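# Structural overview
In case you want the letters, here they are:
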Amino acid sequence: MNTTPILIYPSILAADMANLERDCRRALDGGADGLHVDIMDGHFVPNLSMGPAVVAALRQALGSDVELHVHLMITDPGRYAPAFIKAGANTVLIHIEADGDIPATLQAIRDQGIRAGITVNPETPAASIQDLVTANAVDEVLCMTVHPGFGGQSFIESVLPKMKEIRSWAPQLPISVDGGIDQESAPRSAGAGANVLLAGTSLFAAPDMTAAISTMRAACNAAYSSNL
Ligand code: DX5
Ligand code: ZN
């Protein structure tokens, strides 16, 4: 039996940055399972976002129980991952397209006692991470459903078969999706095997975030289990 639960992590890139703590609490009080934190270096992606100081401030403000799911869209994750771990990340996700020794960086993250995830861009084939998945070298796979760098883009549905393929290799592995996730694309992704939904604009812009999270969760639960 598959016991992988549906998890919903709002992406704080879509929060009001002048009221970040308030918006994080709004998400968590609304039923979010954790928070997705996007880190951009202006090199791997053409945008800048936040650094380890913001992660540390969120950890301090929100306490030790909140899952901080940190997505490194940076060229040299081996160099910067330790700072995010020290700041209080529970999960650090790096990109397979990044520089450096990716298996060694994943192992270094695990060696610090936290979860290590691998991320694949929309055009990157599943085969690029097959060895890592089958060797149990990752705790999560993140399938990008937009080109990373900006919130508010449209879901790229040609990524759906890739989720199915990765799910076929690893029935219990958390598979997340990021980019253009809304009430329509979330259950479609869950139907293809994704169980962790990362959604920025659709949740933070919803008139009632609590209702939006619970609607998304119910639809994803139904779609995910119908596909087992
Ligand atoms: C994109 C980021 C996403 C982004 C998603 O580069 O990795 O996490 O915040 O935003 P939406 O949900 O607005 O597409
Ligand atoms: Zn992200």
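Quick look at the structure, then. Bear in mind that the values here come from a model prediction, so they are computed numbers and not experimental data. (Residues numbered from 1 in each chain as written. Chains lettered and ligands numbered in written order. Predicted model: local features only at pLDDT ≥ 70, side-chain atom pairs only at ≥ 80, totals over all residues. Heavy atoms only, no water.)

## With respect to the overall build of the chain
Secondary structure summary: the chain contains 9 helices and 8 strands in total. A compact globule built from 228 residues should have a C-alpha radius of gyration of about 17 Å, and the chain, at 16 Å, falls within 12% of that. With respect to the principal axes defined by its C-alpha atoms, the chain has extents near 40 × 40 × 30 Å. By the burial criterion, 52% of the 228 residues in the chain qualify as buried. Counting only carbon and sulfur atoms, one obtains 53% of the accessible surface of the chain, whose full area is about 9,500 Å². Positive and negative side-chain charges of the chain, numbering 13 and 24 respectively, have mean locations separated by a distance of 4 Å. (Helix = DSSP H or I, 4+ residues; strand = E, 2+ residues; numbered from the N terminus. Rg over C-alpha atoms; globule rule 2.2 N^0.38 Å. Buried < 20%, exposed > 50% of the residue type's maximum accessible area, 1.4 Å probe, protein only. Areas by Shrake-Rupley, 256 points an atom, 1.4 Å probe, with all protein chains shown as cover. Lys, Arg positive; Asp, Glu negative; His and termini not counted. Charge placed at Lys NZ, Arg CZ, Asp CG, Glu CD.)

## Here we look at the side chain of asparagine 121
Considering the arrangement of structural elements, one finds asparagine 121 in the loop between strand S5 (115-120) and helix H5 (130-134). The class of asparagine 121 is buried, set by a relative accessible area of 14%. When neighbours within four sequence positions are excluded, asparagine 121 is seen to be in contact with Phe44, His95, Glu97, Met144, Pro148 and Lys162. (Contact = heavy atoms within 4.5 Å.)

## Considering the sheet that holds strand S8 (residues 196-199)
Pairing within the open sheet is parallel, and its 8 strands lie in the order S1-S8-S7-S6-S5-S4-S3-S2. Only two strands of the sheet have a single partner each, and these edge strands are strand S1 (7-10) and strand S2 (35-40). If you compare each strand with its neighbour and ignore which way they point, the axes differ by 25° on average. Bridge analysis of S1 against S8 gives 4 bridges, and the strand direction is parallel. Along S8, the bridge assignment pairs proline 10 with alanine 199. In this fold helix H4 (residues 102-111) packs onto strand S4 (91-95) and S5, with an angle of close to 150° to the strand it touches most, S5. Sheet strands touched by helix H6 (residues 160-169): S5, strand S6 (140-144) and strand S7 (175-178). Its angle to S7, the strand with the most contacts, is close to 165°. (Pairing = 2+ DSSP bridges. Axes fitted to C-alpha atoms, helices over the stretch in contact; angles between N-to-C directions.)

## Brief notes about the site of ligand 1
Close contacts around ligand 1 come from 19 residues, with Ser11, Asp38, Asp178, Gly200 and Thr201 the closest. Take glycine 200: an N or O atom from its main chain is 2.7 Å from an oxygen atom of ligand 1. Notes on ligand 1: free accessible area 380 Å², of which the protein chains cover 99%. Most atoms of ligand 1, that is more than half of them, are within 2 Å of grid points of the largest pocket. For the shell around ligand 1, the secondary-structure elements that each account for two or more residues are S2 and strand S3 (68-73). In terms of residue count, S2 provides more of the shell around ligand 1 than any other element does, 3 residues in total. Tallied by class, residues from the shell around ligand 1 come to 7 nonpolar, 10 polar and 2 charged. (Near = heavy atom within 4 Å. Polar contact = N/O pair within 3.5 Å; in protein donor to acceptor, adjacent residues only side chain to side chain. 1 Å grid on protein atoms, 1.4 Å probe; cavity = no way out; pocket = protein on both sides within 12 Å on 5 of 7 lines; lining within 4 Å. Sits in = over half its atoms within 2 Å of the grid points. Nonpolar A, V, L, I, M, F, W, Y, C, P; charged D, E, K, R; others polar.)

## A few points about the pattern of salt bridges
Here the idea is simple: oppositely charged side chains can pair when their charged atoms come close. In total, this model carries 9 salt bridges according to the counting rule given. A salt bridge links glutamate 184 to arginine 188; the shortest N-O distance between them is 3.8 Å. A relative accessible area of 33% places arginine 188 in the partly exposed class. Salt bridges sharing common partners tie together Asp16, Arg22, Asp23 and Arg26. (Salt bridge = Lys/Arg side-chain N within 4 Å of Asp/Glu carboxyl O.)

## Description of the coordination of the zinc ion (ligand 2)
The coordination sphere of the zinc ion (ligand 2) contains the protein donors His36 (NE2), Asp38 (OD), His71 (ND1) and Asp178 (OD), at a distance range of 2.0 to 2.3 Å. Of note is the zinc ion (ligand 2), whose 6 donor atoms meet at the metal with angles of 70 to 168° in an arrangement that counts as octahedral. Read in sequence order, the donor residues coordinating the zinc ion (ligand 2) give the pattern H-x1-D-x32-H-x106-D. Residues histidine 36 and aspartate 38 agree in their burial class; the two are buried. (Donors = N, O, S within 2.8 Å, 3.2 Å for Na, K, Ca; no water. Tetrahedral: all angles 85-135°; square planar, octahedral: opposite > 155°, others 65-115°.)

Coordinates in, geometry out; function isn't part of it.
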